[in-house]
Amino acid sequence: MKRYKIDLKIILVLLFLSPGCVEDILDKTPLDKYSDAKLWTDINLADAYLVRSYDILASGYSPAILMSVTDEIRFEFTWGPQNYVKGTITPDNPQPWVSGWATDEFPNWTKNFQNIQIINIFLKNIDQLPDAYPENERESIRKRANILKGEALFLRAFCYAQLAMTYGGVPLINEALDREDDYLSINRATFQETIDFITNGCDEAASFLLDKNEMLLGRATKGAALALKSRVLLFSASDLTADGNSPNDLVGYDNPDRMALWAQAKSAAKEVMDLGIYGLSDFGAPDKAAVAQNYYDFFRQKDLSNNEIIWGKMYSKAIGAGNQMNLWNGSNGNNNWAGHNPTQNIVDTYQMEDGSNFSDHYVVDPNGIYNNTSAKYQQENIYKNREPRFYGSILYDSAIWQSRFPNLSNRDPLGIYDRRTRISIKNGVEVSKIYGIDTRQGPIEAWNGSFTGYIMKKLLDDEITGKDERNDNVWIEFRFAEIILNYAEACLELGETGEAATYINAIRNRSGMPDFTGDIADALRYERQIELVFEGQRWYDIRRWKILEDKLTDALGIDITEINEDGNISTTWKRILAEKRTVDPRMYWIPIPRNEINKAPQLEQNPGY
Amino acid sequence: MAEQAPARINASYKLESDGGISPSISPLKPLKLMENNLRRQLIMLSKRLIFAFLIQLFLCTVILANTGNAQLKNIEEVKISMKLQEKSLAQFFKQVESETDFKFTYTDNLIDLKQPVTVEEDNTSLYDVLVAVSMQTNLRFVQVNENIHVKLLTGNKRNAVEVVELQEVTVSGKVIDENGEPLPGATITVFGTTTGTITDIEGNYSITVPDGSVLIFSFIGYEQMRVSVDNQSKIDVTLQPDMSSLEEVVVMGYGTEKQVNVIGSVTTVSSKELTLSPVSSISNALAGRLPGAIVQQNSGEPGNDAASILIRGSSTLGNSSPLIVVNGIPGRDLNSINPNDVESITVLKDASAAIYGARAANGVILVTTKSGVESPATFSYDFYEGFSTPTMLPEMADAPTYAQMLREMQSYRGIDESNMAYSLEDIEKYQSGEYPWTHPNTDWYDAALADYSTDRRHNLSVSGGTETVKYFGSFGKQFNDGIYKTSATSFNRYNFSANLDVKINEFLSIGFNTLGSKEDRMYSTKSSASIFSSLIRSYPTSAAIFPNGLPGPDIEYGDNPVVTPSFKTGFDDDKRYRSNNKFSATFRVPGVEGLSLESYYAYDIYFKERKLFQKPWVLYQLDEGAYLAAGNTGKEDGSAFLVGTSKAYSEPRLTDFYDDSKTSTFNFKINYDKTLNESHNISAFIAYENSEYTGKGIQAYRRYFISDQLPYLFAGGTDQRDNNGWVDIDARENYFGRFSYNFEETYLFQFSFRRDGSLRFSEESGRWGNFPGVLAGWRLSNEDFWQDNVGFINFLKLKASWGKMGNDLVAPFQYLSGYGFGNGGIFGANRAYTPSLYQTGAPNPFITWEVANVYNVGFESMFLDNKVTLNADFFYQRREDILVKRNASVPDFTGIALPDENFGIVDSKGFEIILGYNDQKADFSYGINGNFSFARNSVIEFDEPARNVPWQVQTGHPQGAALLYQSAGIFRDEEHVNSLPHVPGARPGDIIIVDYDEDGKITNDDRILFDKTVNPEITYGVSFNFTYKNFGLTGLVQGVGTAMRRIYNDDRQGSGGNYFQYDAVGRWTPDNINASKPRAFERTEEYWRGSHITDYSYQNRAYARMKNLQLSYTIPRHLQDAVKLKNAQMYVSGQNLFLIHTKTKIMDPELGSDTSYPLMKVYAMGVRISF
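None of the values given here were measured: they were computed from a predicted structure.

Brief notes about the overall build of chain B
Next, step 1: Check the secondary structure of chain B and you find 17 helices and 54 strands.
Next, step 2: Referenced to the eigenvectors of the C-alpha coordinate spread, the extents of chain B come out at roughly 120 × 70 × 70 Å.
Next, step 3: Going through the 1171 residues of chain B one by one, you find that 58% of them count as buried.
Next, step 4: Put simply, 70% of the contacts in chain B that link residues at least 6 apart link residues at least 24 apart.
Next, step 5: Accessible surface computed for chain B: about 46800 Å², of which carbon and sulfur atoms make up 54%.
Next, step 6: Averaging the locations of the 108 positively and 139 negatively charged side chains of chain B gives two centres separated by 3 Å.

Below, the structure written as structure tokens:
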């Protein structure tokens, strides 16, 4: 009995001890990834691969975007954009043209080239992809693959356009690079070669792409490819690169044929106009109030279906893919950060509703006080009787914005943007002084108050309150109004003033403004500045027009004081310095980061750095 | 593992062999007695013990049930059959014991247990068998009850075997030490019983025992001694000092080693040291006790307060976490283990770790939990109640100071009086304190934090066993409370541990070990970082709580830190469950001495569920305009003018998380241990091991809860609901072995080899790696010439080692071109989300692990009668094949996502020195033990891009060396500014930056590398212990050196938050131009706070602190005996008691950041009882 028991135990143990048949536990592949082989044989996966490229394309909303380095905006915070407008940008510190949480949407060197490599890998593989499908499916797959190829070509051209308009000529890479390649022999292409590469890319993309009505909204379209070409050709034909004074051929044309360049720019814009599916949206002119509202609402759209929009980027807060434009730029009095502060400079640029200049009606005295000198508009308040787009773009003192949180709704039942300081004087003694809720001395997050006295209204959404909710209004990259203005500018430069005037006035009239008076070139620049305000075009415009030194001057703001002296109320609007700025001619171009030149010494740095 | 000596087996006794009529007190009785005596005491200590007692009662019942009262028989009546041919005496004893109820007892060292006996009897009386054995061995056997006493046979052989009736004798005598000094307090117990006594102050004792009993003399620090009474009435005993530290066994990877034979750089911390600190995470008990380990605690938050551990610094640019091995299973969690369950922690720092191959390069921490020993059931109960309070809190500016600084800051910006945030009148009002409604002066720490929080631990364990079954079981409960006044924060951990070793028969043993834990972490929905960030930021000029009790306003996000730590924000309920189980078996191969097969299988389960329920809360703001307009001044009640606002979230929302993972480990090992000619000691094994891991998780989110009563998904709205998941795998397969040889424990040699395979790397290249280790040692002090010449050095061992090890803590599957899911896009008229795929890093088919070549030389020594210990180790490590990207050679314009490649090199070197002095004088014993470690690394290769100037080249400097401008004081005035190169826009009161390259401008090139990093290069600890009679005092001083850290991790001081008092005192003002600190500043707008960070923003992290102090009192023996306790001790203990020196002026130097939950100073009182 005992003997038997021992044997059983030993048998059991020997069984337990034996390693048995171990399957090869190391022979496994990841469960959360697709392999190379799977990706390039499945059109849906290839499609998703391209979505990545859309996602990292530098265009859309982030806490700091391109308007922050122009005369439109005094940027609230000390990082990023201030490095440029204070003139301290260097190759060692090329902020804000580097990726980061706040400046993710700035078009920069590294990010665009990364995207180009991603796209080049796609282009290398997409042509063979349909072969992986059975014969009977191959044709339809190839059709889809070709459209994807068109999208990829557009995305690559878009990346190069951002690079060219920021750095000038750049290395042109049209196939996927390998780690073993000799990078030291790759040099910057000339500006001309770079522009040609982009426009060819746009044309090729357009040949594969369908237009907006046949594509999924948000995907690249034929119209987008042609609009990009129009934008790039307008840029390259302008003074910065084509007036014959460029320091070298990396940042401009050698011996440019100016007229030919403008002609190309014109026809590129015309190509888009001739597609026939885009038009100017109706803002309800001549009803000025309606225009103000509709202009504002235009940028609050949630999708890209409007026929003025050629291409842009959509957001959806329902699935956590919103942006936070309100939080980043809304008023401190609504617990927001007031990041991009519109300047007094641009506020003063807005015309009066009759098309006359603001400066015809108000003068600024040596103390900075605005004095009304107008016979027609006898309002002390400088925000009265301005053109409709002002009311749709800028949030100024006492303008209605959002209802306040309960703690302030007694004080501010209307929900205005409250920027005035109210001083009460009785019998010559100051009895109270109350700072506006949205000032930098206000009761709520004063340290986030706007420096200029304004915050953006355009691109924000008054229906979104607090810090918590996300925005999901679209980012519009190309819209028909820009194409019209591109066209008008090219016409003007070609001497076709009549054609130019027609389109300039088309833009004005649509916004309830009368035909322009005075110099047509000024009128054109005014329309571009006002119509496209905050849309990211201004930085390119003031550079290509070579007016950076004139425009990137000190940023101004407003200080408003309302004195109630024994029942008599008087208000003053005083212009103040909101930011000291320094401009240097080298700032027409952005430096190639020092680290990059250290790695690739053959790259020539941009002038002045 | 070495076979246990038969003597030891025999010298212990069996529970079930208690004869019932024995005059000794049955082991059951003390338990029963104890119940009544102790219950009252223990219940007084805590009501929570009832549960523990239920368990105890249950266990008693089990023991009762197992203990029968066998009828006592005479050796003449017991018949036995056996066939032993030339087998050892020990084996004979064992066989008799296993077949009868008798036990042999004898005095150690008098009997040669190895002498051979031959017994071939069939159904013969035991009496006759013993006579036969007596003839062969010249031994005498005397039966007293169930015991058979074995003695040397002298005189008449006719009395070789006899049965004696029980007789009580009184024995007295004196216990002295080796120097002839009396030993007071020495314990004398009767073997096999709990009867005993202790010596008096003269070392004298007297005890009445049954004749034939064996007395056990013991005293702490001395070797135990056994003496048979044998009718003697006077027994004087000389106890010899316990050299057991030389006999001590150290847990090594896959085995154990006698301390004296260890030739690696190995440090061990005992369970006793671990439980000195009243802390919940084991890692926090290690600081200062492990030479060569950098242990830093970055946060004191309950549940998140574990320290990070680096062995010999950071030797890689990648992950430098050491490998944690718990009970032989690599990769288990350290901090969820109950410190009371740990038997020892061993750290392998050099080639001794090479047996862990590809995971060993960062050092290996071996944790061994307790198991049972052969003894009657011993219950231990430990309890402490602790009171925690922050070690150091930042001192913030008060309201008048803050308002004044803000005015200064605004004046430097040219803001005119009318636009300043605070007027001079405001400052006066803040100063006066008479206007609580409009001008409060708030100390936020005071308002938000309680004076202390409580910590508590209960631990009940039972341990014991017989020759065949040994068991250990324990339950522990740890509780830590949050320091907030209204606290949602708490941490509860429940530990369950059981260990069972069963010897099935002569050849086969099996074991079962389980470690279970449940951790409940409860927090508010605001992180401690957010709470402490708002504590330093909140304006002292705004009310934390209005005089009527309502909470005041936030700066933003609803962050009033009086409210945010509470359940008003919802809750974050994080529960983690671990079940780590191991089954093992050892089979000694019959017929081949020293050969055994061993195998184990471990299955570890981890499960985590977290419920994050966020809801809005209300904060109040005074409508100041209306309040003042109504004629109030700030003194009058403003309740009617407080307006509440709902903060943070517009409505309640819930996120549920479920994560689980499973790891299985299988190990099979063939051991061979043999001693040849009593001088060649061989110990070897070869083994196979594999492990597999799978992990997965899901999360789900809903918002728009109509009420906060039901925090479950179904009660939420369906709009904007969201969910996600993850999955992860890992596997390893390893072959390894070790060969150890020593000649007379003097010449020591060890070779280990491991071949590791990992699924992280490709089959073609990199999956498999070989990791050898060679160690050699020479114990000079064993040599005759040594003992003849330098005998005062009692012990000296030289040792040297080399090992090649790997580090595989890198992302798996980098050899594959994989595409993971990334941020998607919104496309289509319905704005649908399309996920994107992106290449998860460029593939590198050659990718493999990092390789470390570790060299170590050292010595261990003892002087002056073993009172002085001096050990030193010197190491050099070259870590190669570190995964880095070819940054320098691949320009960004290629757009190539660079793969990791194995080419980085980091060198590190350093040393550890241990110096100790331990002595014992009569009833006073004391010891001081210090350790000092230094470890420095330098980066040799990481493909550094070209730098503009040579002094910015990081190669050759430690990892993480900071590139900073160098500060050189403060600009006094305008003239001073103009006299020196300065940043454009600099003004008086700004920090002077050194123009390092002397080009007359402050440019990027003026930044220099500072070699001190956040990781200290120097760590040291000094522990001391004094024992006088029943009092004990132990302490630990711990410190670090050569490290620096950034302060102002939250840099919103100015209009965005309060200033540190540090920045207020002695700052530059127009009236104090010879200042050492800069002017009042605004967030990051001054160049020295934003674009030009200098070393002024860093502070020296060096510190020394009284880490631990414990004063204990052991209840006198005779009192313990009265209630039948084996041990009873009360103690008071303190952790992080005070900083002896620190250079950091703002916060505790050890803390991670100025927004971290503070480190806690703990005062605890506790008891340890065993019975």
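There's more to say after this.
Side note on the overall build of chain A
Next, step 1: Looking only at helices and strands, chain A features 21 helices and 13 strands.
Next, step 2: With the principal axes as the frame, chain A shows a C-alpha extent of 115 × 80 × 50 Å.
Next, step 3: Relative to its 609 residues, chain A shows a buried fraction of 61%.
Next, step 4: Across chain A, the fraction of contacts at a sequence separation of at least 24, relative to all contacts at a separation of at least 6, is 70%.
Next, step 5: Counting every atom, chain A has about 22100 Å² of accessible surface; 49% of that belongs to carbon and sulfur.
Next, step 6: Each charge sign in chain A was given a centre, from 66 positive and 87 negative side chains, and these centres are 6 Å apart.

So, helix α16 (residues 480–493) of chain A
Residues and elements named next belong to chain A.
Next, step 1: Compared with the 20 Å implied by 1.5 Å per residue over 14 residues, the 20 Å span of α16 between its first and last C-alpha is a close match.
Next, step 2: A large share of α16 lies buried, amounting to 13 of its 14 residues.
Next, step 3: The first or second residue beyond α16 is Gly495, which carries a positive phi of 85°.

Describing the interface of chain A and chain B
Next, step 1: Contact with chain A, which involves 94 residues of that partner, is made by 102 residues of chain B.
Next, step 2: Carbon and sulfur atoms make up 59% of the area that chain A and chain B hide from each other, which totals about 8100 Å².
Next, step 3: Our count for the chain A to chain B interface comes out at eight salt bridges.
Next, step 4: Notably, a salt bridge pairs Lys599 of chain A with Asp892 of chain B, separated by 3.1 Å at the nearest N-O pair.
Next, step 5: Of all the secondary-structure elements, those providing two or more residues to the side of chain A that touches chain B are α1 (2–17), β1 (34–35), α2 (36–39), α3 (43–56), α5 (109–126), α15 (406–409), β9 (429–434) and α21 (594–599) of chain A.
Next, step 6: Class assignment for the residues of the side of chain A that touches chain B results in 48 nonpolar, 17 polar and 29 charged.

Describing helix α4 (residues 89–99) of chain B
Next, step 1: The set of residues buried in α4 of chain B consists of Leu89, Ala90, Phe92, Phe93, Val96 and Glu97 of chain B. Around the axis of α4 of chain B, the buried residues are gathered within 160° of arc, so they sit on the same side.

With respect to the packing of helix α6 (residues 135–167) of chain A against helix α7 (residues 191–208) of chain A
Any two packed helices are characterised by how steeply their axes cross, that is the angle between the axes, and by the distance between the axes.
All names here are of chain A.
Next, step 1: Axis separation between α6 and α7 bottoms out at 8 Å; the angle between their running directions is 155°. Classed by the angle they form, the pair α6 and α7 counts as roughly antiparallel. Considering only the axes of α6 and α7, their crossing is left-handed. The segment α6 lies against α7, with Asn146, Ile147, Lys149, Gly150, Leu153, Phe154, Arg156, Ala157, Tyr160, Ala161 and Ala164 engaging Phe191, Thr194, Ile195, Phe197, Ile198, Gly201, Cys202, Glu204, Ala205 and Phe208.
Next, step 2: Looking at side-chain class alone, the contact of α6 with α7 contains 14 nonpolar, four polar and three charged residues.

As for the sheet that holds strand β13 (residues 237–238) of chain B
All names here are of chain B.
Next, step 1: Pairing is mixed across the open sheet formed by three strands, whose spatial order is β10-β7-β13. In the strand order of this sheet, the two ends are held by β10 (204–210) and β13, each with one partner.
Next, step 2: Pairing analysis gives two bridges linking strand β7 (residues 168–176) to β13, with the strands arranged parallel. In the sheet register, Ile176 faces β13, and the bridge partner there is Thr238.

So, the state of the cysteines
Any covalent bond linking the sulfur atoms of two cysteines counts as a disulfide.
Residue and element names in this part refer to chain A.
Next, step 1: In total, this model carries zero disulfides over all chains according to the counting rule given.
Next, step 2: The closest cysteine sulfur to the non-disulfide-bonded Cys491 is located on Cys202, 20 Å from its own sulfur.
Next, step 3: On the basis of relative accessible area, Cys491 is assigned to the buried category, the value being 0%.

Thoughts on the packing of α3 of chain A against α6 of chain A
Residue and element names in this part refer to chain A.
Next, step 1: Where α3 contacts α6, the two axes come as close as 11 Å, and the packing angle between them is 15°. Compared by their axis directions, α3 and α6 come out roughly parallel. In the crossing of α3 with α6, the sense of the turn from one axis to the other is left-handed. Residues Ile43, Asn44, Asp47, Leu50, Ser53 and Tyr54 of α3 pack against Ile141, Arg144, Ala145, Leu148, Glu151, Ala152 and Leu155 of α6.
Next, step 2: Taken together, the residues of the contact of α3 with α6 break down into eight nonpolar, two polar and three charged.

What to know about the packing of aromatic side chains
Residue and element names in this part refer to chain A.
Next, step 1: Going through the model one piece at a time under the given rule, you end up with 95 aromatic pairs over all chains.
Next, step 2: Their ring planes at 80° and their centres at 6.3 Å tell us that Phe235 and Trp589 sit as a pair that is edge-to-face. A residue pair is termed long-range when its members are at least 10 positions apart, and Phe235 in helix α8 (residues 222–237) and Trp589 in the loop between β13 (568–579) and α21 qualify at 354 residues. Trp589 shares its class with Phe235; the two are buried.
Next, step 3: Aromatic pair Tyr391 and Tyr396: ring centres 5.9 Å apart, planes at 70°, arrangement edge-to-face.
Next, step 4: A residue is classified by how much of its surface remains accessible, and Tyr396, at 15% relative accessible area, is buried.
Next, step 5: The structure contains a cluster of three or more aromatic residues connected by ring pairs, namely Tyr84, Trp97, Phe106, Phe191, Phe235, Tyr253, Trp539, Tyr540 and Trp589.

Overview of the pattern of salt bridges
Next, step 1: For the coordinates displayed, the defined rule picks out 113 salt bridges over all chains.
Next, step 2: A salt bridge links Glu469 of chain A to Arg703 of chain B; the shortest N-O distance between them is 2.5 Å. Within this pair, whereas Glu469 of chain A is found in the loop between β10 (455–456) and β11 (475–479), its partner Arg703 of chain B is found in the loop between β33 (680–702) and β34 (722–743), the two belonging to separate chains. Like Arg703 of chain B, Glu469 of chain A is buried.
Next, step 3: A salt bridge links Glu434 of chain B to Lys635 of chain B; the nearest nitrogen and oxygen atoms lie 3.4 Å apart.

Rules and cut-offs
Residues numbered from 1 in each chain as written. Chains lettered and ligands numbered in written order. Predicted model: local features only at pLDDT ≥ 70, side-chain atom pairs only at ≥ 80, totals over all residues. Heavy atoms only, no water. Helix = DSSP H or I, 4+ residues; strand = E, 2+ residues; numbered from the N terminus. Buried < 20%, exposed > 50% of the residue type's maximum accessible area, 1.4 Å probe, protein only. Contact = heavy atoms within 4.5 Å. Areas by Shrake-Rupley, 256 points an atom, 1.4 Å probe, with all protein chains shown as cover. Lys, Arg positive; Asp, Glu negative; His and termini not counted. Charge placed at Lys NZ, Arg CZ, Asp CG, Glu CD. Expected span 1.5 Å × (residues − 1). Buried area = accessible area lost by both parts, 1.4 Å probe. Salt bridge = Lys/Arg side-chain N within 4 Å of Asp/Glu carboxyl O. Nonpolar A, V, L, I, M, F, W, Y, C, P; charged D, E, K, R; others polar. Arc of directions from axis to C-beta. Axes fitted to C-alpha atoms, helices over the stretch in contact; angles between N-to-C directions. Parallel < 35°, antiparallel > 145°, perpendicular 65-115°, else oblique. Left-handed = near helix turned anticlockwise from the far one by under 90°. Pairing = 2+ DSSP bridges. Disulfide = S-S within 2.5 Å. Phe/Tyr/Trp six-rings, centres within 6.5 Å; stacked < 30°, edge-to-face > 60°.

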